[in-house]
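Descriptive structure summary
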Amino acid sequence: AETILGLTRDQLLSETLIDSQWQFIQEDGTPCPAREHLATLTLSTGQPVQNRILGIRLPDARLRWIRMNSHPVHDPKFGGIGGVVTTFVEITEQKQLIADLRASRTDLQAILDNVPARITFWNADLTNRFINRAAEAQFGISADQAVGRSAREIIGDDRDATARPYIHAVLAGQRQV
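Residues numbered from 1 in each chain as written. Predicted model: local features only at pLDDT ≥ 70, side-chain atom pairs only at ≥ 80, totals over all residues. Heavy atoms only, no water.

Counted under the stated rule, the structure contains zero aromatic pairs. When the ring centre of W65 is taken as origin, the NZ or CZ atom of K95, which lies over that ring, is 4.5 Å away. (Phe/Tyr/Trp six-rings, centres within 6.5 Å; stacked < 30°, edge-to-face > 60°. Lys NZ or Arg CZ within 6 Å of the ring centre and 35° of its normal.)

This is the structure:
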């Protein structure tokens, strides 16, 4: 917690979520109101909250992303909730990798969509993973509709029968043009 939040043990023990300099944000970048903090939700509802992702803007302006869980601690002495245990793990690097991967996918899609040749990508079971704009135009199906569908569904029975020998050759490791 000290490393993730950038605070000392003494600071952690003296701070509260409400009074702290930390700014919590939701995944969409909007502020997370104090009433929606996990500990507050669990205290008010008595229900655990799991796998909630929040950003924490630290006092030095760094942004850290965490995946949090909170669980009520029942107090048999008083017959209610005596507190909340909150656990969290930092996922800042994971969030950045996902953002980078999405950006790369967008860039690749833009490049492949602007190549005038039909480009398709198929799984070994002959279900589609990707088609570019030229393939969309030729097959009359959008890229989103093509994903997960079989070659036969996309190109039709006749073309599928013609393409099968080439497909099997590719799957056997032989380059086909």
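Close approach of charged atoms lets side chains of opposite charge pair. Enumeration according to the criterion identifies eight salt bridges in this entry. In this structure, R64 engages E90 in a salt bridge whose closest nitrogen and oxygen atoms are separated by 3.5 Å. Of this pair, R64 sits in strand β3 (residues 63-75) while E90 sits in strand β4 (residues 80-90), and the two are 26 residues apart along the sequence. We classify R64 as buried; its relative accessible area is 14%. The closest approach of N and O atoms between R164 and D160, which form a salt bridge, is 3.1 Å. Residue R164 and its partner D160 are located together in helix α7 (residues 151-171), separated by four residues, close to a single helical turn. A residue is classified by how much of its surface remains accessible, and R164, at 25% relative accessible area, is partly exposed. Several salt bridges converge on common partners, so that one network encompasses R152, D157, D160 and R164. (Salt bridge = Lys/Arg side-chain N within 4 Å of Asp/Glu carboxyl O. Helix = DSSP H or I, 4+ residues; strand = E, 2+ residues; numbered from the N terminus. Buried < 20%, exposed > 50% of the residue type's maximum accessible area, 1.4 Å probe, protein only.)

Taken in spatial order, the four strands make up an open sheet running β1-β2-β3-β4, and their pairing is antiparallel. Two strands bound the open sheet, and with one partner strand each, they are β1 (23-26) and β4. Each strand axis lies, on average, 40° off the axis of its neighbour in the sheet, ignoring direction. The strands touched by helix α4 (residues 92-113) are β2 (49-57), β3 and β4; relative to β3, the strand with the most contacts, the crossing angle is about 130°. (Pairing = 2+ DSSP bridges. Axes fitted to C-alpha atoms, helices over the stretch in contact; angles between N-to-C directions. Contact = heavy atoms within 4.5 Å.)

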